[in-house]
Amino acid sequence: MKKLFAEFFGTYWLVFGGCGSALFAAGFPTLGIGFAGVALAFGLTVLTMAYAVGHISGGHFNPAVSFGLWAGGRFPAKDLLPYIISQCIGALAAAGTLFIIWSGKAGNVIDNTKAGAFASNGFGAFSPDGYSLQSAFIAEFVLTLFFLLVILGATDKFANGRFAGIAIGLALTLIHLISIPITNTSVNPARSLSQAIFAGGEPLSQVWLFWLAPILGAIVAGFIYKTLLQNHAEA
């Protein structure tokens, strides 16, 4: 249960910090943090929680990460479902908190006919810069694949584990710097689901891609690391 609570709080912080920065601070007049600030916010959420609770649960905070670690031989299949449920509940709780805060300002209404509604992900007309389903799928697949390669490498027993959280947080920052204009950046099915549920409409109908592409990318990364990159002396 301690592991599941750690995943709940870690995923809550990721969604609250990352999506909260996008909702409240990204476009603030004259002093908005912009894409770079949102990217850094997502990276900081993972970095801080990796050191806060990573030693308890492994610091996944993301169903794709759990699948990738399973594919890489680092995580038991029996724990996949409990972890994913905890991550999704944490993400939904954070989105609910954000919605309550968002609703406290007059005139704030979620317009789910526009890209990025309530920090949701999307493709086509719901991509921030109009990228197609194919482009969105490739971006989410490739970026999650490399995210998992960073995670698997940084947490390898032959790596300097004290710096793993920094490498992983910076990797997530880089991922957002690349892909916010493409999909509003997911690489995390729980984060996508929580925002889409509150946005509703087309963002919710498109959320399947932000489960499929990240999980497939993560699984491929797990097998690549295990078969091509891992030092077999550790097996």
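Residues numbered from 1 in each chain as written. Predicted model: local features only at pLDDT ≥ 70, side-chain atom pairs only at ≥ 80, totals over all residues. Heavy atoms only, no water.

## As for the UniProt feature "transmembrane region" (unreviewed entry) in the protein
In step 1: As recorded in UniProt, the feature "transmembrane region" (unreviewed entry) lies at residues 12-28, 34-53, 80-102, 131-151, 163-182 and 208-229.
In step 2: For residues 163-182, the end-to-end C-alpha separation is 30 Å, with 95% helix and 0% strand making up the annotated structure.
In step 3: In residues 208-229, the share of helix is 95% and the share of strand is 0%. The end C-alpha atoms are 30 Å apart. (UniProt positions renumbered as here; feature names shortened; annotations may be inferred. Helix = DSSP H or I, 4+ residues; strand = E, 2+ residues; numbered from the N terminus.)

## Structural notes on helix H9 (residues 209-229)
In step 1: An ideal rise of 1.5 Å per residue puts 30 Å on 21 residues; H9 measures up with 28 Å between its terminal C-alpha atoms.
In step 2: Taken together, the buried positions of H9 are occupied by Leu 209, Phe 210, Ala 213, Pro 214, Ile 215, Gly 217, Ala 218, Ile 219, Ala 221, Gly 222 and Tyr 225.
In step 3: For H9, the elements touching its buried residues are helix H3 (63-71), helix H5 (133-154), helix H6 (164-183) and helix H7 (189-199). (Expected span 1.5 Å × (residues − 1). Buried < 20%, exposed > 50% of the residue type's maximum accessible area, 1.4 Å probe, protein only. Contact = heavy atoms within 4.5 Å.)

## A closer look at the side chain of Gln 195
In step 1: In this structure, Gln 195 sits in helix H7.
In step 2: Exposure remark for Gln 195: the relative accessible area of 0% places this residue in the buried category.
In step 3: Within polar-contact distance, the side chain of Gln 195 engages the backbone oxygen of Phe 118 at 2.9 Å.
In step 4: Setting aside residues no more than four positions away along its own chain, Gln 195 makes contact with Val 15, Cys 19, Ala 95, Phe 118, Ala 119 and Ser 120. (Polar contact = N/O pair within 3.5 Å; in protein donor to acceptor, adjacent residues only side chain to side chain.)

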